[in-house]
Amino acid sequence: MDDDDARELALEAAERLFTARGIQTVGMDDLRNEAGISLKRIYGLFPSKDAIVEQVLVRLNRSWMWGVIEFGARVDSPRDKLLAIFDFLEDRFRQGDYRGCVFINAFGELGPTAPLVAEVVRRHKAEFLGYVAGLVERSDAPASLAPQLVLLAEGAQSTAGIFGDPDPAAQARAAAATLIDAALVDARP
């Protein structure tokens, strides 16, 4: 097996383990067993566990943002694209293995002790806010709407993870529709 294949196996295994159990509870032996790769090989590919966590979060950011954008591509108007974010979340919440936002969870576990991880989490949150802000701008709503919608999405993720219930996505979607409609009315000359 070449290094690219081994790296992919290790990252897939780490993603499964970190998502299911958290980061700190997963030891390198757990990762070795899950990936079927020797520790020597893993450490040859990644200098540290933090480097593995960082790479897992980078991969998850790509897939998460792709999912948000893909759901938005199913509808036409910027308003509907904003609401599609909550449809994406509901889809994620219904997947049975949802344990909360992996980025919030990683920051909560490692935060200030792992600056590289904290930076990846911040970049993810900033990228999501930027996406929402772009849709808000295209809808001609006030810029202040974007962080409000992001807070709804973040709250829905936390609540769904804590209670193991997909309903917060629909609840947040309804609140988002109210906020969007009010912002659009207020934005009219």
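Here is a short report on the structure shown in this document.

Reading the values: rules and limits
- Residues numbered from 1 in each chain as written.
- Predicted model: local features only at pLDDT ≥ 70, side-chain atom pairs only at ≥ 80, totals over all residues.
- Heavy atoms only, no water.
- Axes fitted to C-alpha atoms, helices over the stretch in contact; angles between N-to-C directions.
- Helix = DSSP H or I, 4+ residues; strand = E, 2+ residues; numbered from the N terminus.
- Parallel < 35°, antiparallel > 145°, perpendicular 65-115°, else oblique.
- Left-handed = near helix turned anticlockwise from the far one by under 90°.
- Contact = heavy atoms within 4.5 Å.
- 1 Å grid on protein atoms, 1.4 Å probe; cavity = no way out; pocket = protein on both sides within 12 Å on 5 of 7 lines; lining within 4 Å.
- Points joined across faces, edges and corners; volume = space filled by probe spheres on them.
- Nonpolar A, V, L, I, M, F, W, Y, C, P; charged D, E, K, R; others polar.
- Expected span 1.5 Å × (residues − 1).
- Buried < 20%, exposed > 50% of the residue type's maximum accessible area, 1.4 Å probe, protein only.
- Core = buried A, V, L, I, M, F, W, Y, C linked by side-chain atoms within 4.5 Å.
- Phe/Tyr/Trp six-rings, centres within 6.5 Å; stacked < 30°, edge-to-face > 60°.
- Lys NZ or Arg CZ within 6 Å of the ring centre and 35° of its normal.

1. What to know about the packing of helix α7 (residues 115–138) against helix α8 (residues 145–163)
Line of reasoning, step 1. Two elements in contact, α7 and α8, have axes whose closest approach is 9 Å; the angle formed by their N-to-C orientations is 130 degrees. Of the possible angle classes, the one that applies to α7 and α8 is oblique. The hand of the α7/α8 crossing is right-handed. Within the contact between the two elements, α7 uses K125, F128, L129, V132, A133 and V136 and α8 uses L145, A146, P147, L149, V150, A153, E154 and Q157.

2. Description of the layout of surface pockets
Line of reasoning, step 1. In this model, the largest pocket occupies a volume close to 270 Å³.
Line of reasoning, step 2. Looking at which element gives the most residues to the lining of the largest pocket, the answer is helix α6 (residues 102–110), with three residues.
Line of reasoning, step 3. Of the residues contributing to the lining of the largest pocket, the split by class is six nonpolar, five polar and four charged.

3. Concerning α8
Line of reasoning, step 1. Between its terminal C-alpha atoms α8 stretches 27 Å, which fits the 27 Å expected from 19 residues at 1.5 Å a residue.
Line of reasoning, step 2. All buried positions along α8 are accounted for by L145, A146, L149, V150, A153, E154, A156, Q157 and A160.
Line of reasoning, step 3. At the exit of α8 stands G164, carrying a positive phi of roughly 60 degrees.

4. Re the nonpolar core
Line of reasoning, step 1. One finds I52, L57 and V132 to be the most contacted residues of the largest nonpolar core, which totals 63 residues.
Line of reasoning, step 2. The greatest single-element share of this core, amounting to 10 residues, is contributed by helix α4 (residues 49–72).
Line of reasoning, step 3. Once residues lying within four places of it in the same chain are set aside, the contact partners of L57 are V102, F103, A106, V117, V120 and V121.

5. Details of the packing of aromatic side chains
Line of reasoning, step 1. A full pass over the atoms with the stated rule returns four aromatic pairs.
Line of reasoning, step 2. Arranged with centres 5.7 Å apart and planes meeting at 70 degrees, the rings of F71 and F88 form a pair that is edge-to-face. Of the two residues, F71 is situated in helix α4 and F88 in helix α5 (residues 78–93); the sequence distance between them amounts to 17 residues.
Line of reasoning, step 3. Taken together, W64, F71, F88 and F128 form an aromatic cluster joined through their ring pairs.
Line of reasoning, step 4. Over the ring of F46 we find R7; its NZ or CZ atom is 5.2 Å from the centre of that ring.
Line of reasoning, step 5. Sitting over the face of the ring of F71, R74 holds its NZ or CZ atom 3.9 Å from the ring centroid.

Function-wise, these values are silent; they only describe arrangement.
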